[in-house]
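Each chain, written out:
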Amino acid sequence: FVSVNNDAAVETWNQLTAVSTASGEVAFHHLRILEGYPIIGTDLTSNYLAPEADRNSIAISYAKGCYLGQEPIARLDAMGHVNRKLFKGWATMADDSESDDQLPIVTSRSMAAGDSFPVLLPLPVKLVAESTPLIAKIHAGPTVHIDRLV
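Right, let's walk through the structure included here. These numbers were taken from a predicted model, which means no experiment stands behind them. (Residues numbered from 1 in each chain as written. Predicted model: local features only at pLDDT ≥ 70, side-chain atom pairs only at ≥ 80, totals over all residues. Heavy atoms only, no water.)

### As for the overall build of the chain
Here comes step 1: Scanning the chain from N- to C-terminus turns up five helices and six strands.
Here comes step 2: Ordered by position from N to C terminus, the α and β elements of the chain give α-α-α-α-β-β-β-β-α-β-β.
Here comes step 3: The globule rule puts the C-alpha radius of gyration for 150 residues at 15 Å, and the 19 Å found for the chain is more than 25% above it.
Here comes step 4: Oriented by its inertia axes, the alpha-carbon framework of the chain measures out at about 55 × 45 × 20 Å.
Here comes step 5: Sorting the 150 residues of the chain into buried and exposed places 27% on the buried side. (Helix = DSSP H or I, 4+ residues; strand = E, 2+ residues; numbered from the N terminus. Rg over C-alpha atoms; globule rule 2.2 N^0.38 Å. Buried < 20%, exposed > 50% of the residue type's maximum accessible area, 1.4 Å probe, protein only.)

Set out below in structure tokens:
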């Protein structure tokens, strides 16, 4: 993403495309999923607190002074952990379709990968700690096996 004023837009575009190739939405989503970068309203909702996005080291400062919403964030920091967070994982399509409404939901998946593809899914931390095989559903779609969480 590049933001420039209108006067510089054409010249900036010409300079960028002279040394690189423009990519589209599929590439953007593939890279953001690999980085664990959530989209609010897709991967996380207003029901989640910032530390549950699992981007603490690059997005949250616990040393900053007063700010709106500081109390719940400071409380989570003092507790030392969150109960749920957004996980990055690698998934493969499942042969069988589970109809369980209690399955975790994959909120984002890459369309740029092959048989195994990166996904984002919010999960209870306790569920991940149990190291059991994980089956999830792509939102309003098929069932997938989560082969690896990172």
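### Some words on unusual backbone geometry
Here comes step 1: One non-glycine residue, aspartate 54, lies in the positive phi region at around 60°.
Here comes step 2: With respect to the helices and strands, aspartate 54 occurs in the loop between helix H2 (25-35) and helix H3 (56-59).

### Thoughts on the packing of aromatic side chains
Here comes step 1: Within the structure shown, the criterion is met by zero aromatic pairs.
Here comes step 2: A cation over an aromatic ring shows up here: arginine 84 above the ring of tyrosine 48, its NZ or CZ 3.9 Å from the ring centre.
Here comes step 3: Just above the ring of phenylalanine 117 sits the side chain of arginine 109; from NZ or CZ to the centre is 3.9 Å. (Phe/Tyr/Trp six-rings, centres within 6.5 Å; stacked < 30°, edge-to-face > 60°. Lys NZ or Arg CZ within 6 Å of the ring centre and 35° of its normal.)

### Structural notes on the pattern of salt bridges
Here comes step 1: Counted according to the given criterion, the structure contains three salt bridges.
Here comes step 2: Between arginine 84 and glutamate 52 there is a salt bridge, with the nearest N and O atoms lying 3.0 Å from each other. Here arginine 84, found in strand S1 (residues 84-93), pairs with glutamate 52, found in the loop between H2 and H3; they are 32 residues apart in sequence, far enough to count as distant.
Here comes step 3: On the basis of relative accessible area, arginine 84 is assigned to the partly exposed category, the value being 28%.
Here comes step 4: Take glutamate 52: its relative accessible area is 8%, and that puts it in the buried class.
Here comes step 5: When the shortest N-O distance is used, the salt bridge between aspartate 54 and lysine 85 registers 3.5 Å. Here aspartate 54 is found in the loop between H2 and H3, whereas its partner lysine 85 is found in strand S1, with 31 residues between them in sequence. (Salt bridge = Lys/Arg side-chain N within 4 Å of Asp/Glu carboxyl O.)

### Considerations on the side chain of serine 108
Here comes step 1: Within the secondary structure, serine 108 is located in strand S3 (residues 108-109).
Here comes step 2: The exposure class of serine 108 is buried, given its relative accessible area of 6%.
Here comes step 3: For serine 108, the side chain forms a polar contact with the side chain of arginine 32, separated by 2.6 Å.
Here comes step 4: Separated by 2.6 Å, the side chains of serine 108 and aspartate 43 make a polar contact.
Here comes step 5: Leave out the neighbours within four places in its chain, and serine 108 touches Arg32, Ile33, Thr42, Asp43, Pro118, Val119 and Leu120. (Polar contact = N/O pair within 3.5 Å; in protein donor to acceptor, adjacent residues only side chain to side chain. Contact = heavy atoms within 4.5 Å.)

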